[in-house]
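# Geometric and topological summary
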Amino acid sequence: LPMILNAIGETTIEGGLTAPVQTDLEIELRPGFGAIVGFLFTPKDWLSFGITYRSEIAMELEFPATAVLEGITLPIDLETTQFFSPHQVQFGAAVNFTDDLLVSLDFAWVNWSGYDRPFLEVKSSAAAVIQSVDVDFRDVFHFRLGAELVANDWLIVRGGYAFRTSAVPDQSDE
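The text that follows walks through the structure, step by step, so that each part is easy to find. (Residues numbered from 1 in each chain as written. Predicted model: local features only at pLDDT ≥ 70, side-chain atom pairs only at ≥ 80, totals over all residues. Heavy atoms only, no water.)

A separate point is the overall build of the chain. For the chain, the count of helices and strands is zero helices and eleven strands. Mapped in sequence order, the helices and strands of the chain form the string β-β-β-β-β-β-β-β-β-β-β. A total of 174 residues make up the chain; the buried ones form 24% of that total. Sequence separation of 24 or more characterises 59% of the internal contacts of the chain that already satisfy a separation of 6 or more. When the accessible surface of the chain is split by element, carbon and sulfur atoms take 58% of a total near 12,300 Å². (Helix = DSSP H or I, 4+ residues; strand = E, 2+ residues; numbered from the N terminus. Buried < 20%, exposed > 50% of the residue type's maximum accessible area, 1.4 Å probe, protein only. Contact = heavy atoms within 4.5 Å. Areas by Shrake-Rupley, 256 points an atom, 1.4 Å probe, with all protein chains shown as cover.)

Below you can see the structure in the form of structure tokens.
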């Protein structure tokens, strides 16, 4: 059972154009939980199948701040996702062709399109701030193929191939 902590806090920043900046900071950490579930099915001694699900888990940071500069109070809200692990589903199969040769194959889907806040968002009711950027991540697919050969008592040879798509969209137009 994976666990992550969410952070909520607040701060006041005071200072003048020539005065040193003073800060007062409070943070509260709250736990968040995720799940990992897997099943292994072995219909024959030489054949096995497995499936795994990992739930999404994220660490959110919500941070209201107050900046006081030369007597002017400016409320600011800061929000971001500090850590993100998306929903994932993975399926795999393994075949023992002989006692010395194992071949495995797996395929995975990772829901990166669910990650919608990778950057710090700054909001204020009293001042104009930079708008957040729309990232539009794409889901990722993995394909992996591997083999293990027991050459003799002291040598095991392993090799494989992996292919993974990118979560980041094509940026050649930007």
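Bringing the side chain of aspartate 106 into the picture now. Mapped onto the fold, aspartate 106 is located in strand S8 (residues 101-110). A distance of 3.4 Å separates a polar atom in the side chain of aspartate 106 from a polar atom in the side chain of glutamine 90. Excluding its chain neighbours within four sequence positions, the residues that come into contact with aspartate 106 are Gln90, Phe91, Gly92, His142, Phe143 and Arg144. (Polar contact = N/O pair within 3.5 Å; in protein donor to acceptor, adjacent residues only side chain to side chain.)

Below, the discussion takes up a negative patch on the surface. On the surface, a cluster of negative charge is made up of Glu56, Asp116, Asp134 and Asp136. For aspartate 134, a relative accessible area of 69% corresponds to the exposed category. (Patch = residues over 30% accessible without salt bridge, like charges linked within 9 Å, V, L, I, M, F, W, Y side chains within 5 Å. Salt bridge = Lys/Arg side-chain N within 4 Å of Asp/Glu carboxyl O. Lys, Arg positive; Asp, Glu negative; His and termini not counted. Charge placed at Lys NZ, Arg CZ, Asp CG, Glu CD.)

We now examine the packing of aromatic side chains. Summed over the entire model, instances satisfying the criterion amount to six aromatic pairs. An aromatic cluster is built from Phe84, Trp112, Tyr115 and Phe137, whose rings are joined through pairwise contacts. (Phe/Tyr/Trp six-rings, centres within 6.5 Å; stacked < 30°, edge-to-face > 60°.)

We now examine the environment of leucine 40. Relative to the helices and strands, leucine 40 resides in strand S3 (residues 36-44). Exposure remark for leucine 40: the relative accessible area of 66% places this residue in the exposed category. Separated by ten residues in sequence, leucine 40 and glycine 50 place their C-alpha atoms 4.4 Å apart. Among all residues touching leucine 40, those that are not within four sequence positions of it are Ser48, Phe49 and Gly50.

Residues Leu105, Phe107, Phe141, Phe143, Leu145, Tyr161 and Phe163 make up a contiguous nonpolar surface patch of roughly 660 Å² in combined accessible area. Taken together, the elements giving at least two residues each to the nonpolar patch come down to S8, strand S10 (140-152) and strand S11 (155-164). Ranked by residues supplied to the nonpolar patch, first place goes to S10 with three residues. In this structure, phenylalanine 141 sits in strand S10.

This next bit is on the nonpolar core. Ala58, Phe84, Val110, Tyr115, Val135, Phe137, Val140 and Ala167 form the largest nonpolar core, which has eight residues in total. Excluding its chain neighbours within four sequence positions, the residues that come into contact with alanine 167 are Trp112, Phe137, Arg138 and Val140. (Core = buried A, V, L, I, M, F, W, Y, C linked by side-chain atoms within 4.5 Å.)

The next subject is the pattern of salt bridges. In this structure the tally under the stated criterion is two salt bridges. The shortest N-O distance in the salt bridge between aspartate 106 and arginine 144 comes to 2.9 Å. One end of the pair, aspartate 106, is in strand S8; the other, arginine 144, is in strand S10, and 38 residues separate them in sequence. Taking the relative accessible area as the measure of exposure, aspartate 106 reaches 17% and is therefore buried.

What follows deals with the environment of serine 166. Residue position: serine 166 is located in the segment after S11. Taking the C-alpha atoms as reference points, serine 166 and phenylalanine 137, separated by 29 residues in sequence, lie 8.8 Å from one another. What serine 166 contacts, discounting residues up to four positions off in sequence, is Arg138, Asp139 and Val140. Reaching out from serine 166, the side chain makes a polar contact with the backbone nitrogen of valine 168 at a distance of 3.1 Å.

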